[in-house]
Amino acid sequence: GEVAMAMNAHDLALKYLSTRDRTMLEMRKYLASKEVPEAEIEECLEYLSECGLIDDEDYCERYILYGMEKGRGPIRLEKELTEKGVPPDIVKMALEAHFGSEGEREAALYQVQRLLKNRSEESEYPEDWVFYEENPKPVPLNEKELARIGRRLASQGFHSHVIYEILGMLRR
């Protein structure tokens, strides 16, 4: 009867959560695809939320940290989180916290640092590329390499003004 049906929605939800965290929207779509009635979906989402098993703010926070580790910028992360159904206000606040005034520039510089680590000349120069400004003899990069770095940063989702600023620093 009704108890068995309710159990079913919860079981489905927990099974869906067993592989990775989900957003409220992902769970709603999943349960709907399993033909769980709307009222039951609502009850189940409320239950998962109260138990802390679904928390869009927490999800957003961890997704951004994971994305930053992978070198993703705010534009790409905003697109991905929005597609996963995290409310825009939550996404904006979390991105602002991580990529605020200097954060995005630092994250982009870190990406450049990782890209340049692969260069063979690395050993002759200081390890810490973040302080590029203080490096009196930077590794000379040709336009083709600069363009590659620019494209890479753009595909990772960094804002163009940050990319141009960094390319300007690298050209000096």
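Quantities reported herein were computed from a predicted structural model and do not represent experimental measurements. (Residues numbered from 1 in each chain as written. Predicted model: local features only at pLDDT ≥ 70, side-chain atom pairs only at ≥ 80, totals over all residues. Heavy atoms only, no water.)

Student: Any details on the confidence of the model for the protein? Residues and values, ideally.
Tutor: Summary statistics for the protein give a mean pLDDT of 86 and a share of 83% for residues scoring 70 or more. Note that pLDDT drops below 50 for residues 126-131; the model gives that stretch 12 contacts with residues more than four away or on any other chain. (pLDDT = per-residue confidence, 0-100. Contact = heavy atoms within 4.5 Å.)

Student: Outline the environment of Leu-109, listing residues and values.
Tutor: Relative to the helices and strands, Leu-109 is located in helix H7 (residues 103-117). For the pair Leu-109 and Leu-153, spaced 44 residues apart in the sequence, the C-alpha separation amounts to 9.5 Å. (Helix = DSSP H or I, 4+ residues; strand = E, 2+ residues; numbered from the N terminus.)

Student: If you had to explain helix H5 (residues 74-83) to someone new, which residues and values would you point to?
Tutor: Spacing of three or four residues puts side chains on the same side of an α-helix, whose turn is 3.6 residues. Residues Pro-74, Leu-77, Glu-80 and Leu-81 constitute the buried set of H5. Seen along its axis, H5 keeps its buried residues to an arc of 130°; they face one direction. Structural note: H5 exposes Lys-79 and Glu-83 on the side pointing more than 90 degrees away from its buried face. Next to the buried residues of H5 lie helix H4 (56-69), helix H6 (88-99) and H7. Of the residues one or two after H5, Gly-85 is the one with positive phi, at around 90°. (Buried < 20%, exposed > 50% of the residue type's maximum accessible area, 1.4 Å probe, protein only. Arc of directions from axis to C-beta.)

Student: Talk me through the pattern of salt bridges; I want residue IDs and the actual numbers.
Tutor: In a structure, side chains of opposite charge can pair up when their charged atoms sit close to one another. Applying the stated rule across the entire model yields 13 salt bridges. The shortest N-O distance in the salt bridge between Glu-26 and Arg-20 comes to 3.1 Å. Here Glu-143 ties to Arg-171 by a salt bridge, and the two come within 3.0 Å at their closest N and O atoms. A residue pair is termed long-range when its members are at least 10 positions apart, and Glu-143 in helix H8 (residues 143-155) and Arg-171 in helix H9 (residues 160-171) qualify at 28 residues. With relative accessibility at 46%, the residue Glu-143 sits in the partly exposed group. Among the charged side chains, a network of salt bridges with common partners joins Arg-20, Glu-26 and Lys-84. (Salt bridge = Lys/Arg side-chain N within 4 Å of Asp/Glu carboxyl O.)

Student: Before we move on, can you summarise the packing of H7 against H8 with the specific residues and values?
Tutor: Running from N to C, H7 and H8 cross one another at 130°; their axes reach a closest spacing of 11 Å. Put simply, H7 runs oblique to H8. In the packing of H7 onto H8, the handedness of the crossing is right-handed. Facing Ala-108, Gln-111, Val-112, Leu-115 and Leu-116 of H7, the residues of H8 in contact are Ile-149, Arg-152 and Leu-153. For the contact of H7 with H8, the class distribution of residues is 6 nonpolar, 1 polar and 1 charged. (Axes fitted to C-alpha atoms, helices over the stretch in contact; angles between N-to-C directions. Parallel < 35°, antiparallel > 145°, perpendicular 65-115°, else oblique. Left-handed = near helix turned anticlockwise from the far one by under 90°. Nonpolar A, V, L, I, M, F, W, Y, C, P; charged D, E, K, R; others polar.)

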